[in-house]
Amino acid sequence: MTVESTAARSTARRSGTGGKRATQAAKAAGAGKEAAASSTGGQSGARSTANGAGTANGAGAGSDNGATGARGESGARSARGASGAGAANGAAKPRKAAAKAPAKAPAKGGPAKSAAKTASKATAKAPAKGPTKATDPATKPQAKAPAKASAKTSAKAGASAGARGAKRARPAQRTKSAATTAAITGAPADTELVQLLTPEGERVTHPDYDVDLSAEELRGLYRDMVLTRRFDSEATSLQRQGELGLWASLLGQEAAQIGSGRALRADDYVFPTYREHGVAWCRDVDPTMLLGMFRGVNHGGWDPNSNNFHLYTIVIGSQVLHATGYAMGVAKDGADSAVIAYFGDGASSQGDVAEAFTFSAVYNAPVVFFCQNNQWAISEPAERQSRVPIYQRAQGFGFPGVRVDGNDVLACLAVTKAAVERARAGEGPMLIEAFTYRMGAHTTSDDPTRYRSDQERASWEAKDPIQRLRTYLEKEGLADAAYFTSIEEESEAMGKHVREAIRTMPDPDTMAIFENVYADGHALVDEERAQFASYLATFADSDSHEEGR
């Protein structure tokens, strides 16, 4: 049995046309074919009458076959049964068909006329539900009607069954629309992406979101992105030189972080992941504090309450729950402030995030969920995280979601500003999906060339967030060459400051990992500490290590 026929029989069973009757009909169809082969030498007069009856019977057989789906054929192939298997079945019983026809002939004007008229009605009715296709012997429908059924009965039943078969077969031929495909793959469509600055640096408007910024404010956004990128680049280089244990780069996501970060007030509270270096910059966190954490000499180094910027969270998705709980407390205190939680597309698959969505909706918490969809959760593409665009998930929890061009700093600023204002007004949570791209590796321990192409990266380089804002500033005459030169000089000064700061930091205490594991100590931990100390002793002393740095 072929895969096609198996699927067709399953369809028939679900639609109520399969089962025992379909099996009996298939047997009858086989008998009809054998009889048709042996009756090719029948009498001419009987053949003419039987051909009319056989054609009508064929319409019924072919159409009924379309209903049961024995060959997976639609109602469009019903008509083919009239000249195919049905005609052969009619020719197989010429004498019986001719003998039955004269019984009603006096009222209808003769057997040939009756049979022909009946057949013509059935043949005309069956194709109305689908176009006739060329006969294909390999897929010719089997005759289904019982061998002793009258031509008239078969014609009427066949025509009706053909209509049913056509209706039932149609859904199987439907294909996904372009919109559905885009929704499943998570590909951005122009109609659902909030954008205020195109990749070519052209200013556009949006009916729901917009910002009116001065030239100074626009230049400030450019400065923020350039300096953040320089800091990130220096940190990556320092990790390669052995100064940091690890680094998670934000390269390509500057607009999403600076735009959203500058939309916040000082009394708003931020819950970051481990990549929000641009948001930390906007909250006036000393960049060298971030380096100390990745060097292993502190656990963050800054006071979260002094900047309303929580410590970096390495555990994926947990900070979203923390933000929701904090926002619930803000609401109970009656404070006029909002909370924002940052997470990535990979974290959207975590149960903590779903629970945060539930609690925030039920308690109408003043929280904004900012998802930076950079397309890759390490090596896992975004389409494996969600069957629909991430922002649409909010609908299932009862609050709005929006997708913004994550490489457009103006759009990110406008959408985030609207979301936090909405939260402060007591209208509850909102999900923002910043559609962007991680230009570098997930972290410095990752090699993205193993799972994505250079062509993909190149296509996103053309949408670079910094370059598009610079193009706009130059086109509109909002910044001159002297300004861009000054930003480059400031960038160089920052790079020097970061390098000097990291080299003056102490080395991490390699034995600290064994402290505070147990309150009263443990024999096994003591043994492991001794083994590790012996291992470290095999290396060069710390003084020579300092000289070689």
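Source: prediction; values computed, not measured. (Residues numbered from 1 in each chain as written. Predicted model: local features only at pLDDT ≥ 70, side-chain atom pairs only at ≥ 80, totals over all residues. Heavy atoms only, no water.)

### Focus: unusual backbone geometry
Peptide bonds are mostly trans, and most non-glycine residues show a negative phi.
Here comes step 1: Residue Asp284 is not a glycine yet carries a positive backbone phi of 65°.
Here comes step 2: Within the secondary structure, Asp284 sits in the loop between helix H13 (277-282) and helix H14 (287-295).
Here comes step 3: On the basis of relative accessibility, which here comes to 63%, the residue Asp284 falls in the exposed class.
Here comes step 4: We note that Asn516 has phi near 65°; this positive angle belongs to a residue other than glycine. (Helix = DSSP H or I, 4+ residues; strand = E, 2+ residues; numbered from the N terminus. Buried < 20%, exposed > 50% of the residue type's maximum accessible area, 1.4 Å probe, protein only.)

### Some details on the pattern of salt bridges
Close approach of charged atoms allows side chains of opposite charge to pair.
Here comes step 1: The final tally for this structure, using the stated rule, is 23 salt bridges.
Here comes step 2: Here Arg295 ties to Asp507 by a salt bridge, and the two come within 2.8 Å at their closest N and O atoms. Separated by 212 residues along the polypeptide, Arg295 in helix H14 and Asp507 in the loop between helix H22 (481-503) and helix H23 (523-536) bring together distant segments of the chain.
Here comes step 3: The exposure class of Arg295 is buried, given its relative accessible area of 7%.
Here comes step 4: Salt bridges sharing partners connect three or more residues here, namely Arg230, Glu234, Glu492 and Arg499. (Salt bridge = Lys/Arg side-chain N within 4 Å of Asp/Glu carboxyl O.)

### Examining the packing of aromatic side chains
Here comes step 1: Counted by the stated rule, this structure contains 26 aromatic pairs.
Here comes step 2: Aromatic rings pair up to connect Phe231, Trp247, Phe294, Trp302, Phe309 and Tyr312 into one cluster.
Here comes step 3: If you follow Arg219 out to its NZ or CZ, it ends over the ring of Tyr483, 6.0 Å from the centre.
Here comes step 4: Lying over the aromatic face of Trp460, Lys463 brings its terminal NZ or CZ to 4.1 Å of the ring centre. (Phe/Tyr/Trp six-rings, centres within 6.5 Å; stacked < 30°, edge-to-face > 60°. Lys NZ or Arg CZ within 6 Å of the ring centre and 35° of its normal.)

### Some details on the side chain of Asp345
Here comes step 1: Tracing the backbone through its elements, the reader meets Asp345 in the loop between strand S3 (339-344) and helix H17 (351-362).
Here comes step 2: There is no salt bridge for the buried Asp345, and the closest opposite charge comes from Arg438, which lies 7.3 Å off by N-O distance.
Here comes step 3: Those residues in contact with Asp345 that sit more than four places away from it in its chain are Cys371, Gln372, Asn373, Asn374, Gln375, Trp376, Ala377, Ala382, Gln385 and Ile390. (Lys, Arg positive; Asp, Glu negative; His and termini not counted. Contact = heavy atoms within 4.5 Å.)

### Structural notes on helix H11 (residues 215-240)
Here comes step 1: Counted at 1.5 Å a residue, the expected span for H11 with its 26 residues is 38 Å, and the 38 Å between its end C-alpha atoms agrees.
Here comes step 2: Two residues or fewer after H11 comes Gly242, characterised by a positive phi angle close to 90°. (Expected span 1.5 Å × (residues − 1).)

### Points about the pairing of strand S4 (residues 367-373)
Here comes step 1: Most of S4 is tucked away, with seven of its seven residues classed as buried.
Here comes step 2: Burial along S4 is two-sided: the face carrying Val367, Phe369, Cys371 and Asn373 and the face carrying Val368, Phe370 and Gln372 are both buried.
Here comes step 3: When S3 meets S4, the two strands line up parallel, connected through six bridges. Counterpart to Tyr342 in the pairing with S4 is Phe370.
Here comes step 4: In the classification by handedness, the crossover that spans S3, the intervening H17 and the parallel S4 is right-handed. (Pairing = 2+ DSSP bridges. Right-handed = clockwise from strand over helix to strand, strands pointing away.)

### Some points on the layout of surface pockets
Here comes step 1: Reported here for the second largest pocket is a volume of approximately 510 Å³.
Here comes step 2: Looking at the lining of the second largest pocket, the elements that each hand over two or more residues are H14, S3 and strand S5 (376-377).
Here comes step 3: For the lining of the second largest pocket, the per-class residue count stands at 12 nonpolar, 11 polar and three charged. (1 Å grid on protein atoms, 1.4 Å probe; cavity = no way out; pocket = protein on both sides within 12 Å on 5 of 7 lines; lining within 4 Å. Points joined across faces, edges and corners; volume = space filled by probe spheres on them. Nonpolar A, V, L, I, M, F, W, Y, C, P; charged D, E, K, R; others polar.)

### Some points on empty space enclosed by the protein
Here comes step 1: Following the criterion strictly, the structure yields one cavity of 30 Å³ or more and no others.
Here comes step 2: Its boundaries defined by the atoms lining it, the largest cavity holds a volume of some 60 Å³.
Here comes step 3: Along the walls of the largest cavity sit Leu227, Thr228, Phe231, His277, Ala280, Trp281, Val285, Pro287, Leu290 and Met494, which together make up its complete lining.
Here comes step 4: Taken together, the elements giving at least two residues each to the lining of the largest cavity come down to H11, H13 and H14.

### Quick look at the nonpolar core
In globular proteins that are soluble, nonpolar side chains generally tend to be buried together.
Here comes step 1: Grouped together as the largest cluster of nonpolar side chains are 68 residues, with contacts concentrated most on Tyr222, Leu291, Tyr312 and Leu469.
Here comes step 2: Broken down by element, this core gets its largest block of residues, 10 residues, from helix H19 (residues 409-424).
Here comes step 3: Look past the residues within four positions of Leu469 in its chain and what remains in contact with it is Leu197, Leu218, Leu221, Tyr222, Met225 and Val409.
Here comes step 4: Core analysis: the second largest hydrophobic core is formed by 22 residues, Tyr269, Ala327, Phe343 and Ile390 among them. (Core = buried A, V, L, I, M, F, W, Y, C linked by side-chain atoms within 4.5 Å.)

### A look at helix H16 (residues 318-333)
Spacing of three or four residues puts side chains on the same side of an α-helix, whose turn is 3.6 residues.
Here comes step 1: Here H16 spans 23 Å end to end across 16 residues, near enough to the 22 Å set by a 1.5 Å rise per residue.
Here comes step 2: Within the sequence span of H16, burial applies to Ser318, Gln319, Val320, Ala323, Thr324, Ala327, Met328 and Val330.
Here comes step 3: Elements in contact with the buried residues of H16: strand S2 (269-271), S3, H17 and S4.
Here comes step 4: Directly beyond the C-terminal end of H16, a positive phi value near 75° is found at Gly334.

### Topic: the packing of H14 against H22
Here comes step 1: Direction vectors running N to C along H14 and H22 enclose 40°, while the axes themselves pass 10 Å from each other. The angle between the axes of H14 and H22 places the two elements in the oblique class. When you trace H14 past H22, the crossing you get is right-handed. Contacts from Thr288, Leu291 and Arg295 in H14 reach His497, Val498, Ala501 and Ile502 in H22.
Here comes step 2: Of the residues belonging to the contact of H14 with H22, the class tally is four nonpolar, two polar and one charged. (Axes fitted to C-alpha atoms, helices over the stretch in contact; angles between N-to-C directions. Parallel < 35°, antiparallel > 145°, perpendicular 65-115°, else oblique. Left-handed = near helix turned anticlockwise from the far one by under 90°.)

### Here's the deal with the environment of Asp446
Here comes step 1: Within the secondary structure, Asp446 sits in the loop between strand S8 (430-435) and helix H20 (454-461).
Here comes step 2: Overall, the relative accessible area of 16% leaves Asp446 in the buried class.
Here comes step 3: Spatially, the C-alpha atom of Asp446 lies 8.8 Å from that of Ser379, the residues being 67 residues apart in sequence.
Here comes step 4: In this structure Asp446 touches Ile378, Arg438, Ala441 and Tyr451, once residues within four positions along its chain are discounted.
Here comes step 5: Of note is the side chain of Asp446, whose polar atom sits 3.0 Å from the backbone nitrogen of His442. (Polar contact = N/O pair within 3.5 Å; in protein donor to acceptor, adjacent residues only side chain to side chain.)

### Observations concerning the pairing of S3
Here comes step 1: Judged by how many residues are buried, S3 sits mostly within the fold: five of six residues are covered.
Here comes step 2: Note: S2 against S3, three bridges, orientation parallel. Counterpart to Val270 in the pairing with S3 is Ile340.

### Examining the sheet that holds S8
To summarise the sheet geometry, strands pair through backbone hydrogen bonds and adopt either a parallel or an antiparallel arrangement.
Here comes step 1: Spatially, S1-S7-S8-S4-S3-S2 is the arrangement adopted by the six strands of the open sheet, whose pairing is parallel. The open sheet has two edge strands with one neighbour each: strand S1 (193-194) and S2.
Here comes step 2: Helix-sheet contacts for helix H12 (residues 254-261) involve S3, S4 and S8, and the interaxial angle to S4 is about 165°.
Here comes step 3: Across the face of the sheet, H19 comes into contact with S1, S3, S4, strand S7 (401-405) and S8 while running at roughly 155° to S7.

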